[in-house]
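Report on the structure
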Amino acid sequence: MAKSTQLIDNEVFRAYATYTAIVLLKMMLMSLITAYFRITRKAFVNPEDTASFGKGESAKKFLRTDPDVERVRRGHLNDLENIVPFVGIGLLYALSGPELSTALLHFRIFVGARIFHTFAYLIPLPQPGRGLSWAVGYSVTFSMAYRVLKTAWLL
Amino acid sequence: MAKSTQLIDNEVFRAYATYTAIVLLKMMLMSLITAYFRITRKAFVNPEDTASFGKGESAKKFLRTDPDVERVRRGHLNDLENIVPFVGIGLLYALSGPELSTALLHFRIFVGARIFHTFAYLIPLPQPGRGLSWAVGYSVTFSMAYRVLKTAWLL
Amino acid sequence: MAKSTQLIDNEVFRAYATYTAIVLLKMMLMSLITAYFRITRKAFVNPEDTASFGKGESAKKFLRTDPDVERVRRGHLNDLENIVPFVGIGLLYALSGPELSTALLHFRIFVGARIFHTFAYLIPLPQPGRGLSWAVGYSVTFSMAYRVLKTAWLL
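What counts, and where the lines are drawn
- Residues numbered from 1 in each chain as written.
- Chains lettered and ligands numbered in written order.
- Predicted model: local features only at pLDDT ≥ 70, side-chain atom pairs only at ≥ 80, totals over all residues.
- Heavy atoms only, no water.
- UniProt positions renumbered as here; feature names shortened; annotations may be inferred.
- Salt bridge = Lys/Arg side-chain N within 4 Å of Asp/Glu carboxyl O.
- Least-squares fit on C-alpha atoms with pLDDT ≥ 70 in both.
- Contact = heavy atoms within 4.5 Å.
- Polar contact = N/O pair within 3.5 Å; in protein donor to acceptor, adjacent residues only side chain to side chain.
- Helix = DSSP H or I, 4+ residues; strand = E, 2+ residues; numbered from the N terminus.
- Nonpolar A, V, L, I, M, F, W, Y, C, P; charged D, E, K, R; others polar.
- Phe/Tyr/Trp six-rings, centres within 6.5 Å; stacked < 30°, edge-to-face > 60°.
- Buried < 20%, exposed > 50% of the residue type's maximum accessible area, 1.4 Å probe, protein only.

If you check an unreviewed UniProt entry, chain A appears there as Microsomal glutathione S-transferase 1 from Geospiza fortis. Comment text from UniProt for chain A, heading Function (unreviewed entry), reads "Conjugation of reduced glutathione to a wide number of exogenous and endogenous hydrophobic electrophiles." The UniProt entry for chain A carries the following comment under Sequence similarities (unreviewed entry): "Belongs to the MAPEG family."

**A closer look at the pattern of salt bridges**
Any two side chains of opposite charge can pair, on the condition that their charged atoms come close. The full count for this structure, using the stated rule, is 21 salt bridges over all chains. Sharing partners across several salt bridges, the network here consists of Glu48(A), Asp49(A), Arg71(B) and Arg130(B).

**Overview of the relation of the copies chain C and chain B**
Turning chain C through 120 degrees and shifting it by 0.0 Å along the axis lays it on chain B, with an RMSD of 0.0 Å. Such a turn and shift between the copies fits a three-fold axis. Both copies present different contact surfaces, since only 16% of the interface residues of chain C are interface residues in chain B too.

**Structural notes on the interface of chain C and chain B**
Chain C puts 38 residues into the contact, and the matching count from chain B is 40 residues. A salt bridge links Arg71(C) to Glu48(B); its shortest N-O distance comes to 2.8 Å. Our count for the contact surface shared by chain C and chain B stands at 12 residue pairs in polar contact (both at pLDDT 80 or more). For the side of chain C that touches chain B, the secondary structure elements donating two or more residues are helix 1 (2-9), helix 4 (67-94) and helix 6 (129-152) of chain C. Examining the composition of the side of chain C that touches chain B, we find that 12 residues originate from one element, helix 4 of chain C, more than from any other. Looking at side-chain class alone, the side of chain C that touches chain B contains 25 nonpolar, eight polar and five charged residues.

**Some words on the packing of aromatic side chains**
All names here are of chain C. Taken as a whole and assessed by the stated rule, the structure comprises 30 aromatic pairs over all chains. Judged by centre distance (6.2 Å) and plane angle (40 degrees), the rings of Tyr 19 and Phe 107 are tilted. Pair noted here: Tyr 19 is in helix 2 (residues 11-40) and Phe 107 is in helix 5 (residues 100-122), with a separation of 88 residues, a long-range link. A relative accessible area of 0% places Phe 107 in the buried class. Relative to Phe 107, the ring of Phe 86 lies with its centre 6.1 Å away and its plane at 90 degrees, an arrangement referred to as edge-to-face. Linking Phe 86 in helix 4 with Phe 107 in helix 5, this pair joins segments that are 21 residues apart in sequence. Of the two residues examined, Phe 86 and Phe 107, each falls in the buried class.

The structure is reproduced here in structure tokens:
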């Protein structure tokens, strides 16, 4: 198994693995929060999901949108739009041989910003709290992409 | 090419590559199913997509939502929300040196659950079929994340 | 840092890193374009985002959908649906030891097709411009998946 553990023995890669797993688990948590609000607010989108509430009209009234459900779903989509580039570019960045301290700085700020973003979206906090945390995460990914392109450039 | 084939020579990584390619192709299939329903149901969202049906009002009536199209789109988004974490965490898991048999168990259950989930969503099957298949895939990704964090932990 | 730079020393992997960073940055650009249209069209979705426009009814009228905003958002989601498979399958493909020239052909066509797709969506160009560029990118990812499965196959 020597080959398979080479990368995981590298400290920068271990840091990447840790922060990526944490931020992807955070993103997965959005599914549970959506399910929680759908069930407590009784707001579903698929007819088969309301079957347990009875037949016909009595179940149909639960096929509706709810502001809280929609808010979590927007947070989830925003996660997808921002965490996917982090995971992809972060992997290339981790393999580009950065200093461990610099890499840790990038990963910590990104993951911290995305956790703050989720709270800012769900509470919700007044702007520009959410906007700024989005911009911080965005900038971190951009900074990593810059190093990847500088190191790997081959068009 | 020795360097580039190191990883692909590792059996766990080969298994990861196989199942990841399959489940990403399955996700891509959702685009084709959406296109199929948009064309057969004549339900489009972009004005330029209905231009071949004529000008003005005659084309405008095809700018509408259709329950079948929306259902496939929800299945597609659910794939994105669940397959993205699998691909990211699964890569780190495959590099963390698990036993081949354990890794195969994780990959097989995840991909099987997501294929079942697609059928459960599109047919649709009565609940809790879709919910359970979602939970199975979710748990597999969670189990892989646990091993990644235990092996790589570096905050 | 020898270990961490092994992959990045491989030419196919460097090409993959370059094109992946470019296409992920292009996808991230969609967030900025969405923000631009939201601000210039004054079309927001979260109440807290309109607080700077005043209180109560005067701010509420900016909680609305705008065709241009929705168009960019559809382009962004289409990017997610297509660029995620490219990044995942492309990584496995780059590690499967293809010829550099073949790999470059795949990466260049995909990234070119997705950049064209964005212009075709946002201008918008008449169909089948957008549809064809989507199909070209889709086919490239499919071709890479075929090689991955042929090389790595282990079920």
